[in-house]
Amino acid sequence: MRIFTTLLTIDCPRDLRVDPNGQHPAFTISFTADGEIPFPQVILRAAGQETLLNGASVEARQADSGDWAYVVEVPPGAVAGERIDVQVEGCRRADIDHAGGGEWIKDFREIRLVGQGQGASDGGADAPARAPATIQPAVSGGAPGGAAVKLYFGIHKHMHQPYYNTADRDAWDGEKDQIFGSRGGNYTDFIPAAVQRYMDGGLPHAGLSTSWSGSLIEQLDRCADEGRCGGRFADWNHALRRMAGASTALGNPRISFAGLGYFHPLMPLIPHRDIVRQIAWHRGAIERAFGVAASRVLFPPETAFHVRMIPALVEAGVEAVIYDSIHRFRACRDYPYAGIEEGMLPPNPAEQVNPPVDDWLQLHNIWAASKVSPSLLRPEYVGYEDPDGRLHKLIAIPAERYIGNEDARGGFGALQYPDVLGQLYQRIVDSGSFDPAHPPFFLLHSDGDNHGGGADSYYHHNTGRLVEWLKEDQRFELTTAEDYLERFPPDPARVIHIEPGAWAGADNGDPQFMKWFSRYEQPYSPDLNSWAVLTAFQNLVHTLEDCEPGDSRLPEAIRLLLTAETSCYWYWTGQTLWDEQVTNAANAGADLVKPAINALRSARRDQTGPTIFPPWVTPENPGGKRWGQGCLLDAPRQGTVHAFVADCSGLTRVDLILRTASGEQRLPMRNHGPYPTQTGAKLTADYFTAELPVGAGDVRYYLEAEDQCGNVSRGALERIFLA
């Protein structure tokens, strides 16, 4: 049986006329592939809801050519809304529970639902043609001094491949050859081609921001050295190095290699010192691979951001961090929560400390499950106050959630830039919110090596259409973040707060990063097992590093530790291949350092405090709302703090220090013993809980732990509202 490697064609209506009740007629989606698809599936998205069509809903047959054809019949009225986003995908393994991300191949289409009096955009002799995009001049007089209103935006492309075996970096097989080989252009010349179009179009400030993980760079180098993927990557970084010297009108790089964690860690959930080291290692990799310095703008993997990261980012030399825009919106008082369709629980009131705004906008002609505020789509300083009351701050750059998600479907054309960005522009004009010293600027970010935003057409044809539009429409300007910040630096005296969370593809960006806490409510969670194992391993490595920094076993142990922090090993929960990755690295590292650790313990030379994993709270909003079956339910008022703590010398106490309006109190945490493991882990952290006082209101808290050698550690200052 020949397994498919690509989707060849997709046929579906461009428009469907709905009846007076808003129901669409039955329609057909057909697609072909260059081989058999073990698990074909169609996903329909409309009005924040998903409809899955797979199994018996997909009819398959093999053509004489050897290609395979698939047909899905969609019943009338199956979905409702203004449009249907169609995702056609196939998994190269029938057992999807054991499939990795590289085994899913996807493509996208859009169907517009039109009323009886509306014209269709395509498909009929009597259907009027869609009107061309309206090009309008920038409006003057809408800002102080008569400045022209202008909206600035940038584009970011993320490139990453994890190690598929944490304990053997040389592991390779035909599957990996296919995964990397299918991304030949993405990892070589697509980005330089797009930037060349910006330059040829005369766009003075335009460029591409891009993030490349160290694990990807290492594997591409190995492909080059060993001739993997048929020699496709023999000189993989040549075009990138050549274009890396191109500059904007202000002398900043046209290709901005954003900062990143070397092994793609989920930065809100790893220790301060590991964040700093991951960034430093990555900076060195960028200089070696591309011959230029990494940007001081950081793209945190999964756009996962928490203000407690700020001290480590500042220490690592980061000047600005990219985050998902919805977490700025939700941190405003009077945020217009959209209900269950938003995909997240209502914001916790402790996060809603920023002033209200009055320019909320519901975007149309794209999927947007909640309202956006154009006035907040700009870089600002964001702050974090530590347990000692010190304020740490840096610049935060929004990646617009919904427009970026639409751009990821294929760029100009998939995203109707003039229409959708024009809605933001018009709201800015109508609300009088334009600030010429700090105009709107946001990024449209997506994976640069997956279908849609990573397609050849995105970087070539559709980028050319984008450039032609920008040359005519003076309301908008494509710019790099570096050029924007040089022209319009944010006010350091104005410091705001951002709710924690990641991008929409990770449980919609849940503020407690629940995508990486899957099954947390069950007696055993593979994700929690991996965090407990990692916490114990972090403590071993950090202890040896503090006491014996010259130990010959330390470099390999550190590498195993940083590899184990790769976020992907939590993303595909329930698949043994991924659930065991952290354990495999930790076991190998523990075998390396245990003799040295045992000697330190015997001599009582341990000088490293316990390792504290960042706490999480259940229910997420005590006394607020929790998830029900397709609805929101009232959450219990009793909240519980959970955490993992580990120390190779043993623990004497773990306390929760709670700060309320009435003062500070110390609550001893209950030790439930080592977290159970089903992955054969040789080490794991202890699991602690503490109950929070009901009705205490807006509180702050942190954890403090002491080991049997008298070393004390403190966690970050957290916030929660207890209704």
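Here, every reference points to the structure presented above.
An account of the accompanying structure is given in this report. (Residues numbered from 1 in each chain as written. Predicted model: local features only at pLDDT ≥ 70, side-chain atom pairs only at ≥ 80, totals over all residues. Heavy atoms only, no water.)

1. Quick notes on the pairing of strand E7 (residues 68-74)
Rule in force here: The buried label goes to any residue with under 20% of its type's maximum accessible area, the exposed label to any with over 50%, and the partly exposed label to all in between, with areas taken from a 1.4 Å probe on protein chains only. The secondary structure listing takes helices from DSSP runs of H or I that are at least 4 residues long and strands from runs of E that are at least 2 residues long, numbered from the N terminus. One bridge is not enough; two strands pair if DSSP finds at least two bridges between them.
In terms of burial, E7 is a largely internal element, five of the seven residues being buried. Inspection of the sheet shows strand E3 (residues 27-33) paired to E7 by seven bridges, in the antiparallel sense. Of the residues in E7, the one forming a bridge with Ile29 is Val72. Bridge analysis of strand E6 (residues 58-62) against E7 gives five bridges, and the strand direction is antiparallel. Looking across to E7, one finds that Gln62 is bridged to Trp68.

2. Let's talk about the sheet that holds E6
Sheets are built from strands that pair by backbone hydrogen bonding, the pairs being arranged parallel or antiparallel. The criterion, for reference: Lines fitted to C-alpha atoms define the axes, with helix axes restricted to the stretch in contact, and inter-axis angles between N-to-C directions lie between 0 and 180 degrees.
The strand order E1-E3-E7-E6 describes an open sheet built from four strands, whose pairing is antiparallel. A single partner strand is all that each edge strand has here, and the edge strands are strand E1 (7-11) and E6. On average, each strand axis in the sheet is tilted by 15° relative to the strand beside it, whichever way the strands run.

3. Points about the environment of Ala148
Relative to the helices and strands, Ala148 resides in the loop between strand E9 (104-114) and strand E10 (151-159). Judged by relative accessible area, which is 37%, Ala148 ranks as partly exposed. Each C-alpha atom, one on Ala148 and one on Gln474, is 9.5 Å from the other, the two residues being 326 residues apart in sequence.

4. Considerations on the side chain of Gln512
Our working rule: In this description, contact between two residues means that some pair of their heavy atoms is separated by no more than 4.5 Å.
As for its position among the elements, Gln512 is in the loop between strand E19 (495-496) and helix H12 (526-547). Beyond its immediate sequence surroundings of up to four residues, Gln512 is in contact with Phe517, Trp616, Val617 and Glu620.

5. What to know about the state of the cysteines
Using the following cut-off: Only a pair of cysteine sulfur atoms within 2.5 Å counts as a disulfide in this structure description.
Applying the stated criterion across every chain, the model contains zero disulfides. A disulfide-free cysteine, Cys229 has its sulfur positioned 4.2 Å from the sulfur of Cys223, the nearest such atom. Note on Cys648: no disulfide assigned, nearest cysteine sulfur contributed by Cys709 at a separation of 7.8 Å. The buried category is assigned to Cys648, whose relative accessible area is 12%.

6. A few points about unusual backbone geometry
Omega for the bond connecting Thr618 with Pro619 falls within 30 degrees of zero, at -15°, which places this linkage in the cis form. Looking at the element boundaries, Pro619 is found in the loop between strand E21 (616-618) and strand E22 (625-627). A positive phi is found at Asn365, a non-glycine position, where the angle reads about 65°. By secondary structure assignment, the location of Asn365 is in the loop between helix H7 (326-329) and strand E15 (380-385). Look at Asn508: it is not a glycine, yet its phi comes out positive at around 60°. Looking at the secondary structure, you find Asn508 in the loop between E19 and H12. A relative accessible area of 24% places Asn508 in the partly exposed class.

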